[in-house]
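# Per-entry structural report
If you want the building blocks of each chain, they are given just below.
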Amino acid sequence: MREQLERKAFLILLAGVSLAFFLILEPFWSAIFWACAIAIIFSPMQSFFKQRMGDHPNSIALLTLLICMAIVVIPVIFLSVMFVQEGIQFYQRLDTGEIDPQLILQQLREAFPLLDSLLAEFGVNTENIREHITQLAKNASRLLARETLAIGQNTFSFLVSLALMLYLAFFLLRDGSKLQQLMIRALPLGDEREHALFKKFVEVTRATVKGNLVVAVVQGALGGIIFWALEIPGPFLWGVVMAFLSLIPAVGAALIWFPVSLYLFATGDWISASILVAYGAIVIGLADNVLRPVLVGRDTKLPDYVVLFSTIGGLSLFGINGFVIGPLLAALFLACWQIFMTDFNQDHKA
């Protein structure tokens, strides 16, 4: 009796201490998450170096991390700086009236007169829509300016998070296999199940990060190139926005290039509008329809509709980290139910 009481008391203490520890780490969850992602994505490279260099864990982890910084971290920082600069320029043009949302909306209404009558049939006041969209554009530009200022003011905090992420990634690269074995020993789920879940965790994380980032870079680059070729203002800015939106499967980049093509039609630039629609539907759309199933769906072994809904849900709940966390939770959900059907149903039938 006393032994059972002591066991229960210890389990309660273990749960409380673990929860408190997780709450302490809460401000650093993003840094921890991306450190784990880096360790998982670059573990094949680490294994390659280990085969060539022998058992030198510190040197191999440091070399792998330096390569990660060269091909991922530094380019992302550079692109972020350029994005902020173009965002500030866009805000200034909007604030000075060089870009007038009301004029753009008026041109769209004149070019598509059926739109007003169609909306009126549904009881929608087009004047209110115009005011709301104009205000939305101004608020969005002010938000961008405020966030840019906040980024500048919080540079130290960003650098600390970046340093913590790289610091943790080094140790995860060096000791990742040992930590995995330690967790397998600690979790009371059964070694076979734990190995299966860890394998699924690694597969999905690697596939979603690598696959979605490749698709985002390709679609953002293709969108920026066509905007530059058609002399649309802020091609780099819109290219980066399309890259972020492409994390949403099927519709992401089209949320930018399609409205721009409508505006080009409205202003009478039929050639540029036709080129943009064809390019967006065929070239940019093809990158999503071909690359995403190959890089994400096939490796995660998730149906396309599950990837779509879990990605959108993850983004809404967890922000930018959600494009990985959403499909990851979906994959673990399916894996747990697969284990349940395989193990427990067989035990029940037996």
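Here goes a summary of the coordinates provided. Keep in mind it's a predicted model, so treat the numbers as computed, not measured.

## Quick look at the overall build of the protein
From N to C terminus, the protein includes 14 helices and 0 strands. Surface accessibility of the protein: about 21800 Å² in total, with carbon and sulfur atoms responsible for 70%.

## Concerning helix α11 (residues 254-266)
One full turn of an α-helix is made of 3.6 residues, so residues set three or four places apart face in the same direction. A rise of 1.5 Å per residue sets the reference length of α11, with its 13 residues, at 18 Å; its end C-alpha atoms lie 18 Å apart and thus fit the reference within 8%. Of all the residues in α11, the buried ones are I256, W257, V260, S261, L264, F265 and A266. A positive backbone phi angle near 90° is found at G268, which sits one or two residues after α11.

## What about the pattern of salt bridges?
This structure, assessed with the given rule, holds 1 salt bridge. The residue R174 makes a salt bridge to D175 at a minimum N-O spacing of 3.0 Å. Under the relative-accessibility criterion, D175 is labelled buried at 18%.

## Section: a nonpolar patch on the surface
Taken together, the side chains of F10, L11, L13, L14 and V17 make up a nonpolar region of the molecular surface, amounting to roughly 490 Å² of accessible area. Looking at the secondary structure, you find V17 in helix α1 (residues 2-25).

## Notes on the packing of helix α2 (residues 29-41) against helix α9 (residues 191-229)
Here α2 crosses α9 at 95°, and the two axes come no closer than 9 Å. Here α9 runs roughly perpendicular to α2, going by the angle between their axes. Of the residues in α9, those touching α2 at W34, A37, I40 and I41 are F201, V202, T205, R206 and V209. Of the residues in the contact of α2 with α9, the class split is 7 nonpolar, 1 polar and 1 charged.

## Quick look at the nonpolar core
Formed by 21 residues in total, the largest nonpolar core has its most connected members in F227, I232, W257 and L276. Among the secondary structure elements, those contributing two or more residues to this core are α9, α10 (235-245), α11 and α12 (270-300). In contact with I232, other than residues within four places in its own chain, are F227, V260, L264 and L276. In this structure, I38, A39, M165 and A169 belong to the second largest nonpolar core, which totals 16 residues.

## Section: the packing of aromatic side chains
Applying the stated criterion across every chain yields a total of 8 aromatic pairs. One aromatic cluster is present, formed by F21, F22 and W29 through successive ring pairs.

## Thoughts on the side chain of D175
If you trace the backbone, D175 turns up in helix α8 (residues 155-186). Within the structure, the side chain of D175 is placed 3.0 Å from the side chain of R174, a separation counted as a polar contact.

## Overview of the environment of F227
Structurally, F227 is set in helix α9. As a C-alpha pair, F227 and S272 span 45 residues in sequence and 9.8 Å in three-dimensional space. Among residues more than four places away in sequence, those in contact with F227 are I232, P235, W238, M242, I256, W257, V260 and L276.

## Things to note about unusual backbone geometry
With a phi close to 60°, E231 is a non-glycine residue in the positive phi region. The class for E231 is exposed, based on a relative accessible area of 71%.

## Observations regarding the environment of A281
For A281, the location among the structural elements is in helix α12. According to the relative accessible area criterion, A281 is partly exposed, its value standing at 48%. In sequence terms A281 and A254 are 27 residues apart; their C-alpha atoms lie 8.2 Å from each other. Not counting residues up to four positions away in its chain, the partners in contact with A281 are W257 and L286.

The rules behind the values
Residues numbered from 1 in each chain as written. Predicted model: local features only at pLDDT ≥ 70, side-chain atom pairs only at ≥ 80, totals over all residues. Heavy atoms only, no water. Helix = DSSP H or I, 4+ residues; strand = E, 2+ residues; numbered from the N terminus. Areas by Shrake-Rupley, 256 points an atom, 1.4 Å probe, with all protein chains shown as cover. Expected span 1.5 Å × (residues − 1). Buried < 20%, exposed > 50% of the residue type's maximum accessible area, 1.4 Å probe, protein only. Salt bridge = Lys/Arg side-chain N within 4 Å of Asp/Glu carboxyl O. Patch = residues over 30% accessible without salt bridge, like charges linked within 9 Å, V, L, I, M, F, W, Y side chains within 5 Å. Axes fitted to C-alpha atoms, helices over the stretch in contact; angles between N-to-C directions. Parallel < 35°, antiparallel > 145°, perpendicular 65-115°, else oblique. Contact = heavy atoms within 4.5 Å. Nonpolar A, V, L, I, M, F, W, Y, C, P; charged D, E, K, R; others polar. Core = buried A, V, L, I, M, F, W, Y, C linked by side-chain atoms within 4.5 Å. Phe/Tyr/Trp six-rings, centres within 6.5 Å; stacked < 30°, edge-to-face > 60°. Polar contact = N/O pair within 3.5 Å; in protein donor to acceptor, adjacent residues only side chain to side chain.

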